[in-house]
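Working through the structure, step by step
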Amino acid sequence: GISEWILPLVFEGHLEEIFWLKPPWSHQFGAGTYKFAVGQSSLNGNVCTDSTELYYIDDDLYCESENLTEVKNVTLHVVEILSHENEFERIFGREIALDDRKWGLDICLDTFSTGNPFVKIFDDSMGKEATQLLTELHEKPKFRAESETISHREKIKLKQIFTKSLETIFGEDEMEDSDAHKPGPKESAFSALTALYHPPETGQNLVHRLKTFLEREIILPEHFQSILENGLCLATLPSNKSSREEMLLLLDKTGVFLKLASPSNPSLITISRSVGDNFTPLSEADWLEEKLLNVLESVYGNAIELQEM
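Cut-offs applied
- Residues numbered from 1 in each chain as written.
- Predicted model: local features only at pLDDT ≥ 70, side-chain atom pairs only at ≥ 80, totals over all residues.
- Heavy atoms only, no water.
- Salt bridge = Lys/Arg side-chain N within 4 Å of Asp/Glu carboxyl O.
- Helix = DSSP H or I, 4+ residues; strand = E, 2+ residues; numbered from the N terminus.
- Buried < 20%, exposed > 50% of the residue type's maximum accessible area, 1.4 Å probe, protein only.
- Phe/Tyr/Trp six-rings, centres within 6.5 Å; stacked < 30°, edge-to-face > 60°.
- Lys NZ or Arg CZ within 6 Å of the ring centre and 35° of its normal.
- Pairing = 2+ DSSP bridges.
- Axes fitted to C-alpha atoms, helices over the stretch in contact; angles between N-to-C directions.
- Parallel < 35°, antiparallel > 145°, perpendicular 65-115°, else oblique.
- Left-handed = near helix turned anticlockwise from the far one by under 90°.
- Contact = heavy atoms within 4.5 Å.
- Nonpolar A, V, L, I, M, F, W, Y, C, P; charged D, E, K, R; others polar.

Notes on the pattern of salt bridges
- Taken as a whole, this structure holds 14 salt bridges when the rule is applied.
- For R144, the salt bridge goes to D58, with nearest N and O atoms at 2.8 Å. Linking R144 in the loop between α5 (128–139) and α6 (152–169) with D58 in helix α2 (residues 54–58), this pair joins segments that are 86 residues apart in sequence. D58 shares its class with R144; the two are buried.
- Between R244 and E284 there is a salt bridge, and its shortest N-O distance comes to 2.9 Å. Here R244, found in helix α10 (residues 244–261), pairs with E284, found in helix α11 (residues 282–300); they are 40 residues apart in sequence, far enough to count as distant.
- Of the residues examined, R244 reaches a relative accessible area of 38% and is grouped as partly exposed.
- On the accessibility criterion, E284 (16% relative accessible area) is buried.
- One salt-bridge network, held together by shared partners, links E129, R216 and E217.

What to know about the packing of aromatic side chains
- This model, assessed by the stated rule, comprises eight aromatic pairs.
- Measuring from ring centre to ring centre gives 5.1 Å for Y55 and Y56, while their planes differ by 80°; the resulting arrangement is edge-to-face. Y56 carries the same exposure label as Y55, and that label is buried.
- Put simply, the rings of W20, F29, Y34, F36, Y55 and Y56 pair up and form one aromatic cluster.
- The ring of F11 has K72 lying over it, and the distance from NZ or CZ to the ring centre is 5.4 Å.

Digging into the pairing of strand β2 (residues 32–41)
- The pairing of β2 with strand β4 (residues 68–80) spans nine bridges and is classified as antiparallel. Bridged to G32 within β4 is V78.
- The hairpin turn running from β2 into strand β3 (residues 47–49), its antiparallel successor, is five residues long, and G45 in that turn takes a positive phi close to 85°.

Concerning the packing of helix α4 (residues 117–126) against helix α9 (residues 221–236)
- Look at α4 against α9: their axes get within 10 Å of each other, and the N-to-C directions meet at 150°. In terms of orientation, α4 and α9 fall into the roughly antiparallel class. Crossing hand, α4 versus α9: left-handed. Contact with α4, carried on its side by F118, V119, F122, S125 and M126, involves H223, S226, I227, N230, G231, C233 and L234 of α9 and no other residues of that element.
- Counted by class, the contact of α4 with α9 contains seven nonpolar, five polar and no charged residues.

Considering the environment of E80
- When you line up the elements, E80 lands in strand β4.
- When its relative accessible area of 28% is taken as the criterion, E80 is described as partly exposed.
- Separated by 60 residues in the primary sequence, E80 and W20 place their C-alpha atoms 8.3 Å from one another.
- Apart from the residues within four sequence positions on either side, E80 is in contact with L21, K22, P24 and F88.

Focus on the environment of L250
- As for its placement among the helices and strands, L250 is situated in helix α10.
- C-alpha separation for the pair L250 and E12, spaced 238 residues apart in sequence, amounts to 32 Å.
- Sequence-distant contacts of L250, that is, excluding residues within four places in its chain, are made with P24, W25, I81, L82, T111 and F112.

This is the structure we're talking about:
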């Protein structure tokens, strides 16, 4: 994911300010400016952040500030591609222009049209019913809702209960408890999972459907592992197969932004096709790449030198 390469670059001191021009269907971050720290966790040695955004909680990358060492501060500016030009100028333009600093431009083709490859993976391996159920299980817990009533610490605690419950439910079968009056670990996990949804009827319905599905279907161990590793992607990754008219509009607005972003050209431009991992629709990738290169040429002229990696 994005955090796997951006956070290390911040930690190594190569990035201190990030500008993300996001498509309207991406909801990992809302539009605005975010300031947070990146450092090495004294608890597990990983590069983590003190950002309280759910995006980092989902990736288990949150760490309290006092437990971060070798800290670097970073500012993230987020604006939607289809914003008015005045918004571009306010967020990315004259007020915080990149002036003469060196900067790099990274563009993924799936910004303009994308699918969620994990939907097809689960459809093919477990069926559409399972995919829909798993999507709802992961997108509807109350800690995922934008609510002022749930504190950050509570969200982390509920997320941990959610993860532990799924690990128990989809883990190896345990021996039945010898005490018939005491629920076994799986039944306790079902109860804990039920309590994570609001209103209560939502949790009851989802867990009932989950129990029914598991009793009816034969689920292979590798499917359980895939659920634990990738189930969250069903709910958090964006999906929007754009028409060519929509892609052209997004490309045009990207060109407008790039003209406002900085008086200097980027030192490096990287373009990720995102075809091999099935995010960018294969049928549109070549056309989309050609149109994007046209936009870059209109902005930067003959300063661009193409190199295929």
